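Listed below are the residues making up each chain.
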Amino acid sequence: MRKAIALAALSSFLLCLLAGYYISLWMGERDKQMAAGAESLDVLQTPKEINAQTKMIYQYFYTSDRVTKEQIEPAPDFLQGLNLEQLKSVYNGWQVVLFSPERVILRCSIDGLSSESFILGEDEGYLAVFYEDGNKAVRLKERTDVPLSALPDGEAQQIREGLRVTGEENLAKLLADYMS
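The shown structure was predicted, so the numbers you read here are calculated from the model rather than taken from an experiment.

J.: Mind showing me how you'd approach the packing of aromatic side chains here?
T.: Here the distance between the centres and the angle between the planes together describe a pair of aromatic rings. For the structure on display, the rule yields four aromatic pairs. Judged by centre distance (5.9 Å) and plane angle (45°), the ring pair of Tyr 58 and Tyr 91 falls under tilted. Linking Tyr 58 in strand β1 (residues 55–62) with Tyr 91 in the loop between α2 (84–90) and β3 (95–99), this pair joins segments that are 33 residues apart in sequence. Overall, Tyr 58 belongs to the buried group, its relative accessible area being 6%. For the pair Tyr 58 and Trp 94, a centre-to-centre distance of 5.9 Å together with 75° between the ring planes defines the contact as edge-to-face.

J.: Just to check I follow, could you spell out the sheet that holds β3 for this structure?
T.: One open sheet accounts for four strands, arranged β2-β1-β4-β3; its pairing is mixed. A single partner strand is all that each edge strand has here, and the edge strands are β2 (67–74) and β3. Between one strand axis and the next, the sheet turns by 20° as a mean value, whatever way the strands run.

J.: What exactly am I supposed to notice about the layout of surface pockets here?
T.: Over the atoms, a rolling probe the size of a water molecule traces out where space has been left empty. In this structure, the largest pocket occupies an estimated 910 Å³ of space. Lining the largest pocket are 33 residues, and of these Tyr 91, Trp 94, Leu 163, Arg 164 and Leu 174 sit closest to its centre. If you list the elements that add at least two residues to the lining of the largest pocket, you get β1, β2, β4 (103–110), α3 (153–161), β8 (163–166) and α4 (168–179). Broken down by element, the lining of the largest pocket gets its largest block of residues, seven residues, from α4. Of the residues contributing to the lining of the largest pocket, the split by class is 15 nonpolar, nine polar and nine charged.

J.: Whenever I open this one, the pairing of β3 confuses me. Can you help?
T.: Along a regular strand, successive side chains alternate from one face of the sheet to the other. With four bridges connecting them, β3 and β4 associate as antiparallel partners. Bridge pairing in β4 places Phe 99 opposite Val 104. Adjacent in sequence and paired antiparallel, β3 and β4 are bridged by three residues.

J.: What should I look at first to understand the sheet that holds strand β7 (residues 138–147) in this one?
T.: The strands making up a sheet associate through hydrogen bonds between their backbones, and the pairing can be parallel or antiparallel. In space, the four strands of this open sheet follow the order β7-β6-β5-β8, with antiparallel pairing throughout. Since the sheet does not close on itself, it has two edges, and those belong to β7 and β8, each with one partner. Taking the axes of each pair of neighbouring strands and ignoring which way they run, one obtains an average angle of 30° across the sheet. In this structure, strand β6 (residues 126–132) lies alongside β7, joined through six bridges in antiparallel fashion.

J.: What is the right way to read α4 from this model?
T.: Side chains three or four residues apart in an α-helix point the same way, a direct result of the helix having 3.6 residues per turn. For α4, built from 12 residues, the straight-helix expectation of 16 Å at 1.5 Å per residue is met to within 8% by its first-to-last C-alpha distance of 16 Å. For α4, the secondary structure elements touched by its buried residues are β5 (117–123), β6, β7, α3 and β8.

J.: Before we go on, may I ask you to explain α3 in this structure?
T.: Among the residues making up α3, those that are buried are Ala 156, Gln 158 and Ile 159. For α3, the buried positions fall inside an angular range of 160° around the axis, keeping them on one side. One or two residues past the end of α3 sits Gly 162, with phi positive at roughly 100°.

J.: For this particular structure, what's the right way to read the environment of Glu 70?
T.: Its location among the elements puts Glu 70 in strand β2. For the pair Glu 70 and Ile 105, spaced 35 residues apart in sequence, the C-alpha separation works out to 9.5 Å. Filtering out sequence-adjacent residues up to four positions away, Glu 70 remains in contact with Ile 57, Tyr 58 and Gln 59. Side-chain polar atoms of Glu 70 contact the side chain of Gln 59, separated by 2.9 Å.

Criteria and thresholds
Residues numbered from 1 in each chain as written. Predicted model: local features only at pLDDT ≥ 70, side-chain atom pairs only at ≥ 80, totals over all residues. Heavy atoms only, no water. Phe/Tyr/Trp six-rings, centres within 6.5 Å; stacked < 30°, edge-to-face > 60°. Helix = DSSP H or I, 4+ residues; strand = E, 2+ residues; numbered from the N terminus. Buried < 20%, exposed > 50% of the residue type's maximum accessible area, 1.4 Å probe, protein only. Pairing = 2+ DSSP bridges. Axes fitted to C-alpha atoms, helices over the stretch in contact; angles between N-to-C directions. 1 Å grid on protein atoms, 1.4 Å probe; cavity = no way out; pocket = protein on both sides within 12 Å on 5 of 7 lines; lining within 4 Å. Points joined across faces, edges and corners; volume = space filled by probe spheres on them. Nonpolar A, V, L, I, M, F, W, Y, C, P; charged D, E, K, R; others polar. Expected span 1.5 Å × (residues − 1). Contact = heavy atoms within 4.5 Å. Arc of directions from axis to C-beta. Polar contact = N/O pair within 3.5 Å; in protein donor to acceptor, adjacent residues only side chain to side chain.

Below, the structure written as structure tokens:
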């Protein structure tokens, strides 16, 4: 009787040992296949860059009245060809919500009311500040003494295309930067 129990215990032990060996082989093979699949995915993925068809979506969140305004425009020339890290360096202080070749969503929080929206642009060759009235018409607020020709090419082009600025505080900071 003791021999039968010992033989059954030894058989069970060997059976468990053999099952464990085959399970570990199967798991190792599965891990190798998953790793190979991940490597092939890396090879197949194309680099994500902004291109001429990319839609830029700017979201402005106003903390005072908790309103989010959104502006959608085509990607300007100076952003085309940039990857995620390069975009983050250009839009310092903005949160990148989504980044793909089809669309980029950028969000910033603004201390103030949602009605404070300005556009830096060009008026007769000079840096000018415009605002949107209640009917969405753009009107000149002021023209500065700063000629666009005095600014670096990239910044001047960005202003010619219209640079949206939200909040009096942000407007004052940008104007101070351009006027110094």
